[in-house]
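A closer look at the structure
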Amino acid sequence: MRTVGEFYKGQSIFITGGTGFIGKVLIEKLLRCCPGIKCMYLLVRPKKGQAAEERIQDMIQSQVFQCLKKDQPDFGDKLVPIGGDLCEDEIGISQCDQQTLRDNVTVVFHCAATIRFDEPLKYVTDPSWL
């Protein structure tokens with residue numbers, strides 16, 4: 001039987017919600033426990049004038065990644081931002097990025113969520129969120 005680390009070795013992972021609380025914890029745990037992961041594609045929507053790449057760079061400065069930085073200082077090189085938005089058609093991902101994901105991704109984690117409890121009903125019942 002393979003270990004978790006053996007399973008993830010060489011895998012490319014797609015994660016929605018990677019910049020949120022659960023997403024950060026998932027990313028840190030996977031990279032710390034499974035250093036053989038090839039890369040993680042993170043769906044990131046632009047926010048407050050920041051591009052997806054900038055948001056990832058800010059995210060890896062978070063306290064949750066401090067231990068990982070000591071053991072794997074270049075862990076950020078495995079994080080590949082994919083610009084998009086779950087509220088848009090085809091989750092806002094460009095055709096080029098869609099093809100990249102189809103060609104490379106072997107594991108998907110859907111961690112995206114809204115923390116606004118007054119979202120319009122049309123958004124929270126949209127099947128693309130499920």
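Every value quoted in this text rests on a predicted model; they were computed, and no experiment measured them.

So, the sheet that holds strand S3 (residues 79-83)
Strand order in the open sheet made by the 4 strands is S3-S2-S1-S4, with parallel pairing throughout. A single partner strand is all that each edge strand has here, and the edge strands are S3 and strand S4 (107-110). If you compare each strand with its neighbour and ignore which way they point, the axes differ by 20 degrees on average. As defined by bridge partners, strand S2 (residues 39-44) adjoins S3 across 5 bridges and the pair is classed as parallel. Following the sheet pairing, Tyr 41 is matched in S3 by Val 80. Against the sheet, helix H2 (residues 21-33) touches strand S1 (12-16), S2, S3 and S4, its axis set at about 175 degrees to S2.

Details of helix H3 (residues 52-59)
For H3, the complete set of buried residues consists of Ala 52, Arg 55, Ile 56 and Met 59. Summarising the axial view, the buried residues of H3 lie within an arc of 100 degrees, below the 170-degree limit, and thus occupy one face. Those residues of H3 that are buried are in contact with H2, S2 and S3.

Details of the pairing of S2
Of all the 6 residues making up S2, 6 are buried; the element is thus mostly covered by neighbouring parts of the structure. Because side chains alternate across S2, one face comprises the buried residues Cys 39, Tyr 41 and Leu 43, and the other comprises Met 40, Leu 42 and Val 44, equally buried. As paired elements, S1 and S2 share 5 bridges and run parallel to each other. Paired with Ile 15 across the two strands is Leu 42, which belongs to S2. Taken together, S1, H2 and S2 constitute a β-α-β crossover, and its handedness is right-handed.

As for the side chain of Thr 16
Within the secondary structure, Thr 16 sits in strand S1. When near neighbours in sequence (up to four residues on either side) are disregarded, Thr 16 contacts Leu 43, Phe 109, His 110, Cys 111 and Ala 112.

Section: the nonpolar core
The biggest cluster of nonpolar side chains holds 21 residues, and the ones touching the most others in it are Ile 27, Met 40, Leu 42 and Leu 79. Only S1, H2, S2 and H3 provide two or more residues apiece to this core. Considering each element in turn, this core owes the most residues, 4 residues, to H2. Contact partners of Leu 42, with chain neighbours within four places excluded, come to Ile 15, Ile 27, Ile 56, Met 59, Leu 79, Val 80, Pro 81 and Ile 82. Residues Cys 39, Leu 86, Ile 91 and Leu 101 belong to the second largest nonpolar core, which totals 9 residues.

Cut-off values and rules
Residues numbered from 1 in each chain as written. Predicted model: local features only at pLDDT ≥ 70, side-chain atom pairs only at ≥ 80, totals over all residues. Heavy atoms only, no water. Pairing = 2+ DSSP bridges. Helix = DSSP H or I, 4+ residues; strand = E, 2+ residues; numbered from the N terminus. Axes fitted to C-alpha atoms, helices over the stretch in contact; angles between N-to-C directions. Contact = heavy atoms within 4.5 Å. Buried < 20%, exposed > 50% of the residue type's maximum accessible area, 1.4 Å probe, protein only. Arc of directions from axis to C-beta. Right-handed = clockwise from strand over helix to strand, strands pointing away. Core = buried A, V, L, I, M, F, W, Y, C linked by side-chain atoms within 4.5 Å.

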